[in-house]
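# Working through the structure, step by step
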Amino acid sequence: MFPFSLFSSESSSHSSSCKIRRQFYLNGMHKPGDVILGGLFDVHYTSVFPELTFTSEPTQLSCQGFDPASFRHAMTMAFAIEEINRSADLLPNVTLGYSLYDNCATLVIGFSAALSLASGREEDYLLQEACVGPPPVLGIVGDPFSTFSIAASDVIGLFKLPIVSYFATCSCLTDRQRFPSFFRTIPSDAFQVRAMIQILQHFGWTWAGLLVSDDDYGLHVSRSFQPDLAASGGGCLAYTEILPWGDDPVELGRIVEVMKKSTARVVIVFAHQIHMIQLMKEVVRQNVTGLQWMASEAWTSAAVLQSHDLMPYLGGTLGFAIRRGEIPGLRDFLLHIRPDREDNTNNGNSMVRQFWEHTFQCRFPPAPAAWMEAAGALCTGDEDIENVETEFLDVSNLRPEYNIYKAVYALAYALDDLLRCEPGGGPFSSHSCAAVQSLQPWQLMYYLEKVNFTTPFGDEVSFDENGDALPIYDIMNWQWLPEGGTKVYRVGEVRKSATKGEELTLHDEKIFWNFESKQAPRSVCSESCPPGTRMARKKGEPVCCFDCVPCSEGEFTNETDYTECSSCPEDFWSSPQRDHCVPKKTEFLSYHEPLGICLMTASLLGTIFSVVVLGIFIHHRSTPMVRANNSELSFLLLVSLKLCFLCSLLFIGQPRVWMCQLRHAAFGISFVLCVSCILVKTMVVLAVFRASKPGGGATLKWFGSVHQRVTVLVLTSVQAAICTAWLVSASPAPYKNTQYHNDKIVYECVFGSTIGFAVLLGYIGLLAVLSFLLAFLARNLPDNFNEAKLITFSMLIFCAVWVAFVPAYVNSPGKYADAVEVFAILASSFGLLLTLFGPKCYIILLRPERNTKKAIMSRGQTK
């Protein structure tokens, strides 16, 4: 017995006792036994309670709204105790009794009932030694409300009196420091919240409203739901509203108005049955339809809400229900309840009388005067309960009852383990065991923490370090039956196991949807962003409200609801839809495009023309025209021109390492060979005419055939040395240029060394300018066919082409730079071929009469 302030101690020479100071007036029912277990149940919806005082007279209160289902909960505990007392294996030498109280869904009454269980109902208790002895109850089953359980556990837990709740789900009750003696056979709200989020994710509902009750049960959920939802990436809450206790039409009207205006089609309600009854009155009044309701375990199985008037609004509700169990013999026990068999004195078993009056709509004498004046029926106690349609006898869906059944058996098994303790092998000080005569609640709690048994239904019952049992919920769906009735069907389950963690099993095909489409509704703030777009959060709104912004060029998303677009790899570019990356288009001067084909054709034609001219010269090599123009240098010049035409092909096609290294080297050496031949021919012309003058014979000896070959070789070798140095020091290489176009890769050859390329071009330009100057000086020398004029004109064309090449090349991007260089090569090569060999071929082929030594050596008299 605990030293609550409700007691005072009195002593005399003969005896000593603890005397209760004041007594609460409570609805209850009791049965004596060796060990008493307490129970707290919400048999009534509410109460009219003017004032609670500690006076000598019991405080009068009136509980209203009798709930047959909750009364069945209380009787389930009585049945479980009766069944244990009949068992030969469990507590064979101990008789259990009970004290069950109605909390009337009111905190102050529930707390008073808990204190009454802890302190007892008797006015006097004989003391053994200073108010120590066995307490009135060794354990309490209840309270069903989280707030009530918190209030009771805060006080009773100080004395380690075990409380095993069958319906209090607040996750705050797992705090073992604050509630060391609290246990429960129902999962905590933390598990239920996570399970609710799994269902939201299963159906793609990312936008939902949350309604909670104004107590610890609802407020703890409101604080944890949004963070858990955000952590799972499952969505957002459109609104969170607190349902008031009592009838508050103004507040309920405001809440329903919020629901109407919101775009969220899913409404989650963590509240009690009484809250839903009051809320649905306003929902019906405002005719709010088209909502998908999700119910917590507190009202999922509420038959009062499954009426024809409410099903148009609540049909299709998905909710969590306590696991259903089978309790054989319960219905027979309920059928044998009779008020005439109970002790009804001093309100000792008032709940049975209230049930009887509610069921048969009668009153036990002495009946109130108003009842008698209205000709109301009087109860006899012999009415046949089996002939009355009452929810009380419905044992087809035992869910809270199954938890109560497990809670009672958990206490019984713990007590059985305690009594089977072998002397000298106990867990307490000096290996002692507990005894019934001096049994203390904390001793029972020790064994309750270790209890482990299996129910006849096959469920294992044990408690973890937080006092929670193995969590499991059935998922229920409110459905219309074909004949017009309503029924709650099981469509799945969510459970937690030690090996697999939390598992959701849902049978979508069995779910009834209360919508015209008969499909699951859409409940999103913003539709999912398709691949190719990203989510851009709307300012000032939850993260679930966003705009879908197309990805930028070069970025992509290949799944829905990406917050950021990913960049494509270096050699890839985003598709037009921005949903994947495609290889970038490659650009280079190709043999397959018109420009490449034209340049290649021109190159081949130039090569063919060079070969043809070379053939003509070889065929007519003995004629004066060929011999007079230094046939050996002419042959070498034609070969170099052919190489110039061919080297242009190295600029067409996808650049490779060898192509980049060879193209400019071949170009530079070929043109230097060509220009060297022209320079030597010019020098020979000047030397011949200088030798024809008096005293000029000595000059000609330096321009013999050997000297000419050596000069050409030396000049060409200088260019070869330049190219070699360039390739060794900073070799040109292929390069993927993405600066011109983001979606294209331009293949080009980088010089490696711009200086090397400049020196190569500069050397060619130096020889060309020198040839031009010498030829210009020799243009007016007397001869009927003075080749210096042709060389002057050809060098003029050559220099003009390459002077124009430089700015055109610098300002041409990508493949067009290569095209400009090829064009310059071809233009200069064709210019040399036509200006130097065109007139000669004309004479050789079309004017053979002029291809004579006389005609060439004769001086023209007149034009």
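Residues numbered from 1 in each chain as written. Predicted model: local features only at pLDDT ≥ 70, side-chain atom pairs only at ≥ 80, totals over all residues. Heavy atoms only, no water.

### Some details on the overall build of the chain
Check the secondary structure of the chain and you find 23 helices and 32 strands. Residues classed as buried in the chain amount to 52% of the 863 residues present. Sequence separation of 24 or more characterises 69% of the internal contacts of the chain that already satisfy a separation of 6 or more. About 39,300 Å² of surface is accessible on the chain, with carbon and sulfur atoms providing 56% of the total. (Helix = DSSP H or I, 4+ residues; strand = E, 2+ residues; numbered from the N terminus. Buried < 20%, exposed > 50% of the residue type's maximum accessible area, 1.4 Å probe, protein only. Contact = heavy atoms within 4.5 Å. Areas by Shrake-Rupley, 256 points an atom, 1.4 Å probe, with all protein chains shown as cover.)

### Describing the layout of surface pockets
By volume, the largest pocket is sized at about 1,100 Å³. For the largest pocket, the lining is made up of 48 residues, of which Arg 72, Ser 301, Ala 302, Ala 303 and Glu 391 are closest to its centre. Contributions of two or more residues to the lining of the largest pocket are made by strand S5 (44–48), helix H1 (68–86), helix H7 (273–286), strand S16 (318–322), helix H12 (400–419), strand S21 (472–480) and strand S22 (486–497). The residue inventory of the lining of the largest pocket, partitioned by class, reads 23 nonpolar, 11 polar and 14 charged. (1 Å grid on protein atoms, 1.4 Å probe; cavity = no way out; pocket = protein on both sides within 12 Å on 5 of 7 lines; lining within 4 Å. Points joined across faces, edges and corners; volume = space filled by probe spheres on them. Nonpolar A, V, L, I, M, F, W, Y, C, P; charged D, E, K, R; others polar.)

### Here's the deal with the pattern of salt bridges
Pairing between side chains of opposite charge can happen when their charged atoms approach one another. Evaluated as defined, the whole model comprises 23 salt bridges. A salt bridge links Asp 459 to Arg 323; its shortest N-O distance comes to 3.2 Å. With Asp 459 in the loop between strand S19 (452–454) and strand S20 (460–462) and Arg 323 in the loop between S16 and helix H9 (330–335), the pair connects residues that are 136 residues apart, well separated along the chain. When its relative accessible area of 15% is taken as the criterion, Asp 459 is described as buried. Exposure remark for Arg 323: the relative accessible area of 18% places this residue in the buried category. With a shortest N-O distance of 2.6 Å, Arg 420 and Asp 416 are connected by a salt bridge. The exposure class assigned to Asp 416 is buried, which follows from its relative accessible area of 7%. One salt-bridge network, in which partners are shared between bridges, spans Arg 399, Asp 474, Arg 490, Glu 493 and Arg 495. (Salt bridge = Lys/Arg side-chain N within 4 Å of Asp/Glu carboxyl O.)

### Here's the deal with helix H16 (residues 631–647)
In an α-helix there are 3.6 residues to a turn, and that puts residues three or four apart on one side. For H16, with 17 residues, the first-to-last C-alpha span of 24 Å sits near the 24 Å given by 1.5 Å per residue. Inspection of H16 places Leu 633, Ser 634, Leu 637, Leu 638, Ser 640, Leu 641, Cys 644, Phe 645 and Cys 647 among the buried residues, and these make up the whole buried set. (Expected span 1.5 Å × (residues − 1).)

### Overview of the environment of Met 311
Assignment of secondary structure puts Met 311 in helix H8 (residues 311–314). The class for Met 311 is buried, based on a relative accessible area of 0%. With residues near it in sequence (within four places) discarded, Met 311 still touches Gln 306, Trp 478, Gln 479, Trp 480, Thr 486 and Asn 514.

### Here's the deal with the packing of H12 against helix H13 (residues 441–449)
Orientation of H12 relative to H13, taken along the N-to-C sense of each, is 105°, at an axis distance of 8 Å. In this view, H12 runs roughly perpendicular relative to H13, as classed from their interaxial angle. Here Ala 410, Leu 411, Ala 414, Leu 415, Asp 417 and Leu 418 of H12 come into contact with H13, specifically with Gln 443, Leu 444, Tyr 447 and Leu 448. Partitioned by chemical class, the residues of the contact of H12 with H13 number 8 nonpolar, 1 polar and 1 charged. (Axes fitted to C-alpha atoms, helices over the stretch in contact; angles between N-to-C directions. Parallel < 35°, antiparallel > 145°, perpendicular 65-115°, else oblique.)

### Description of the sheet that holds strand S32 (residues 744–750)
In spatial order, the strands read S30-S32-S31; together these 3 strands make up an open sheet with mixed pairing. What marks the edges here is a single partner per strand, and that holds for strand S30 (585–587) and strand S31 (733–737). On average, each strand axis in the sheet is inclined to that of its neighbour by 30°, with strand direction left out of account. Where S30 and S32 come together, 3 bridges link them in parallel fashion. Bridged to Glu 587 within S32 is Val 746. (Pairing = 2+ DSSP bridges.)

### Some details on the sheet that holds strand S13 (residues 236–243)
The strand order S13-S12-S14-S15-S16-S21-S22-S23 describes an open sheet built from 8 strands, whose pairing is mixed. Among the strands making up the open sheet, the edge pair consists of S13 and strand S23 (501–506). Shown here is a sheet whose adjacent strand axes are inclined to one another by a mean of 25°, direction ignored. One ladder, built from 2 bridges, connects strand S15 (residues 292–295) with S16; its direction is parallel. Bridging across to S16, Met 294 finds its partner in Leu 318. On the sheet, helix H5 (residues 216–232) packs against strand S12 (207–213), S13 and strand S14 (266–270) and is oriented at approximately 160° with respect to S12.

### Some points on the side chain of Asn 477
By secondary structure assignment, the location of Asn 477 is in strand S21. Among the polar contacts listed, one links the side chain of Asn 477 to the backbone oxygen of Thr 317, at a separation of 3.3 Å. Apart from residues lying up to four places away in sequence, Asn 477 is in contact with Gly 316, Thr 317, Leu 318, Lys 487, Val 488, Tyr 489, Val 491, Lys 510, Ile 511 and Phe 512. (Polar contact = N/O pair within 3.5 Å; in protein donor to acceptor, adjacent residues only side chain to side chain.)

### Here we look at a nonpolar patch on the surface
A cluster of nonpolar side chains, contributed by Leu 604, Leu 605, Ile 608, Phe 609, Val 612, Leu 636, Val 639, Leu 643 and Leu 646, occupies part of the molecular surface with about 680 Å² of accessible area. Where the nonpolar patch is concerned, the elements lending two or more residues are helix H14 (594–619) and H16. If one sorts the elements of the nonpolar patch by residue count, H14 sits on top with 5 residues. Looking at the element boundaries, Leu 604 is found in helix H14. Overall, Leu 604 belongs to the partly exposed group, its relative accessible area being 38%. (Patch = residues over 30% accessible without salt bridge, like charges linked within 9 Å, V, L, I, M, F, W, Y side chains within 5 Å.)

### Some details on the nonpolar core
Counting residues in each nonpolar core, the largest one holds 102 residues, and the members touching the most others are Phe 71, Phe 225, Ile 268 and Phe 270. With 11 residues, the top contributor of residues to this core is H12. (Core = buried A, V, L, I, M, F, W, Y, C linked by side-chain atoms within 4.5 Å.)

### Digging into unusual backbone geometry
Between Gly 142 and Asp 143 the backbone carries a cis peptide bond, its omega angle lying at -5°. By the element assignment, Asp 143 lies in the loop between strand S9 (139–141) and helix H3 (146–156). If you check the backbone angles, Ala 105 has positive phi at about 55° while not being a glycine. At Lys 160, a residue that is not glycine, the phi angle is positive and equals roughly 60°. Take Lys 160: it is sitting in the loop between H3 and strand S10 (163–165).

### Observations regarding the state of the cysteines
Under the counting rule described, the total for this entry stands at 10 disulfides. Linked covalently through their sulfurs, Cys 421 and Cys 433 form a disulfide whose S-S length is 1.8 Å. Between Cys 421 and Cys 433 the sulfur-sulfur dihedral comes to about -60°; the bridge is accordingly left-handed. Placement of the pair is Cys 421 in the loop between H12 and H13 and Cys 433 in the loop between H12 and H13, with a sequence separation of 12 residues. Look at Cys 421 and you get buried, because its relative accessible area is 15%. Cysteine Cys 674 remains unbridged, with the sulfur of Cys 644 as its closest cysteine sulfur at 5.0 Å. (Disulfide = S-S within 2.5 Å.)

As far as function goes, none of this settles anything; it's purely spatial.
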